[in-house]
Amino acid sequence: MSGKLVMGNWKMNGRLDSNRKLIKAMLEDAHINRDGVAIAAPHAYLMQLSDLLAASPMAIAAQDMSQFGLAGAYTGEVSAGMLHDIGCRYALIGHSERRQYLSETTAVLNQKLINALEAGITPVLCVGETLQQREAGDHLTVIRDQLDILAQLAPTRVIVAYEPIWAIGTGKVATLDQIREMHTCIKQHCRQTHGGAEAVRVLYGGSVKADNADATLAIDNVDGALVGGASLDVESFGIICQACLATYA
Ligand SMILES: O=C[C@H](O)COP(=O)(O)O
């Protein structure tokens, strides 16, 4: 898919009934019900979304996957192969909330990236700095270190999501200059480490809302958005999806 991608990350939210109502409303909005829009739902609801979206060009995404292989004695784990089997096109890898609460290491994330690619799923590697790292002037170094995991992988099959941790869920969206600087850094680093700058798509995430989507998505090197809270509200999400279409040259 060329063009800009909007991915709604429901995080740990949803119930069968409310999912049905939300997806029904999304299917009735032409700005949402189209190619280039994906929903990352909790594992428990991915099969429901696969069924509800069976006739839609919208994609489903996983919020994580097992570091372990295709099958085996790994109680509670969900493998990349299983996620592909139920129709997942994308999977978030290393979201900052998982790095924070579940202490995901670089080695674990590297294995998850490999598992995703081997299963035919496009991984979305989430990177971002803390406010303390930014205030110390370390934000570029932190992101470059997080990107090094991609050095051995095919750049055309990986998406990066830049999410300043201090902007997630806070309503404090990064400034246009901050976003421009970080997205440019990510593409330059990818060009230097594995010659894939043009191929690597970079999404922005961190308090993307209806009232800031136009400006955010119009920035060079912003190839789409990873939307948390606003993806649970069909009106807001529709405006963000519309902004994505409008800013795609
Ligand atoms: O995955 C989504 C990001 O964590 C952003 O979440 P947010 O839009 O609620 O700030």
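Reading the values: the criteria
Residues numbered from 1 in each chain as written. Predicted model: local features only at pLDDT ≥ 70, side-chain atom pairs only at ≥ 80, totals over all residues. Heavy atoms only, no water. UniProt positions renumbered as here; feature names shortened; annotations may be inferred. Helix = DSSP H or I, 4+ residues; strand = E, 2+ residues; numbered from the N terminus. Rg over C-alpha atoms; globule rule 2.2 N^0.38 Å. Buried < 20%, exposed > 50% of the residue type's maximum accessible area, 1.4 Å probe, protein only. Contact = heavy atoms within 4.5 Å. Areas by Shrake-Rupley, 256 points an atom, 1.4 Å probe, with all protein chains shown as cover. Lys, Arg positive; Asp, Glu negative; His and termini not counted. Charge placed at Lys NZ, Arg CZ, Asp CG, Glu CD. Pairing = 2+ DSSP bridges. Axes fitted to C-alpha atoms, helices over the stretch in contact; angles between N-to-C directions. Near = heavy atom within 4 Å. Polar contact = N/O pair within 3.5 Å; in protein donor to acceptor, adjacent residues only side chain to side chain. Nonpolar A, V, L, I, M, F, W, Y, C, P; charged D, E, K, R; others polar. Salt bridge = Lys/Arg side-chain N within 4 Å of Asp/Glu carboxyl O. Arc of directions from axis to C-beta.

Going by an unreviewed UniProt entry, the chain carries the name Triosephosphate isomerase and comes from Paludibacterium purpuratum. In its Subunit (unreviewed entry) section, the UniProt entry covering the chain states "Homodimer."

Undergrad: I'm lost on the overall build of the chain in this one. Help?
TA: When helices and strands are tallied, the chain shows 10 helices and eight strands. Taken over C-alpha atoms, the radius of gyration comes to 17 Å for the chain, in line with the 18 Å a tight globule of 249 residues would show. In the chain, buried positions account for 52% of the 249 residues. For the chain, contacts bridging at least 24 residues in sequence account for 72% of all contacts bridging at least 6. A total of about 11,100 Å² of accessible surface is found on the chain, and carbon and sulfur atoms cover 52% of it. Here the chain contributes 20 positively and 26 negatively charged side chains, and the mean placements of these two sets differ by 2 Å.

Undergrad: Mind showing me how you'd approach the pairing of strand 1 (residues 5-9) here?
TA: Sheet faces and side chains relate simply in a regular strand, where the side chains alternate between the two faces. Counting buried residues in strand 1 gives five out of five residues, a clear majority hidden from the surface. Neither face of strand 1 is open: one carries Leu-5, Met-7 and Asn-9, the other Val-6 and Gly-8, and all of them are buried. Of the pairings in the sheet, the one linking strand 1 to strand 8 (residues 224-227) comprises four bridges and is parallel in character. For Val-6, the partnering residue across the bridge sits in strand 8 and is Ala-225.

Undergrad: Where do I start with the UniProt feature "binding site: substrate" (unreviewed entry) in the chain in this structure?
TA: Look at the UniProt record and you will see "binding site: substrate" (unreviewed entry) annotated at Asn-9, Trp-10, Lys-11, Gly-169, Ser-207, Gly-228 and Gly-229. With the annotated positions falling across 221 residues, the maximum pairwise C-alpha distance of 13.8 Å places them together in a single cluster. Relative to the helices and strands, Gly-169 resides in the loop between strand 6 (159-162) and helix 8 (176-194). Residue Gly-169 is classed as exposed on the basis of its relative accessible area of 76%.

Undergrad: I would appreciate a short explanation of helix 2 (residues 43-52) in the present structure.
TA: Because the α-helix completes a turn every 3.6 residues, residues three or four places apart line up on one side. Buried within helix 2 we find Tyr-45, Leu-46, Gln-48, Leu-49 and Ser-50. The secondary structure elements touched by the buried residues of helix 2 are helix 1 (16-27), strand 2 (37-41), strand 3 (59-62), helix 3 (80-85) and strand 4 (88-93).

Undergrad: How do you make sense of the sheet that holds strand 5 (residues 122-127) when you look at a structure like this?
TA: Read once around its circumference, the closed barrel built from eight strands follows the order 1-2-3-4-5-6-7-8, with strand pairing classed as parallel. Averaged over neighbouring strand pairs, the angle between their axes works out to 25 degrees when direction is ignored. By the bridge criterion, four bridges tie strand 6 to strand 7 (residues 201-205) in an arrangement that is parallel. Counterpart to Ile-159 in the pairing with strand 7 is Arg-201. This element, helix 2, spans strand 2, strand 3 and strand 4 of the sheet and lies at about 170 degrees to strand 3. In the packing of helix 7 (residues 139-147) onto the sheet, the strands contacted are strand 5 and strand 6, and the crossing angle to strand 5 comes to about 155 degrees.

Undergrad: What am I meant to see in the site of the ligand here?
TA: Near the ligand, the surroundings consist of 13 residues, among which Lys-11, Glu-163, Gly-169, Ser-207 and Gly-229 are the closest. Interatomic distance of 2.9 Å between a side-chain N/O atom of Lys-11 and an oxygen atom of the ligand. Contact distances for the ligand include 3.2 Å between an oxygen atom and a side-chain N or O atom of Glu-163. Taken together, the residues of the shell around the ligand sort by class into four nonpolar, seven polar and two charged.

Undergrad: In this structure, what is going on with the pattern of salt bridges? I would like to understand it.
TA: Between side chains of opposite charge, a pair can form as their charged atoms come close. Here the structure, examined in full by the defined rule, presents 12 salt bridges. For the salt bridge of Asp-64 with Arg-98, the shortest nitrogen-to-oxygen distance reads 3.1 Å. Remark: Arg-98 occurs in helix 4 (residues 96-102) and Asp-64 occurs in the loop between strand 3 and helix 3; sequence separation between them is 34 residues. The class for Arg-98 is partly exposed, based on a relative accessible area of 23%.

Undergrad: What exactly am I supposed to notice about helix 7 here?
TA: Within helix 7 the residues assigned to the buried category are His-139, Val-142, Ile-143, Gln-146 and Leu-147. All buried residues of helix 7 fall inside an arc of 135 degrees around its axis, so they share one side. Each element contacted by the buried residues of helix 7 is listed here: helix 4, strand 5, helix 6 (131-135), strand 6 and helix 8.

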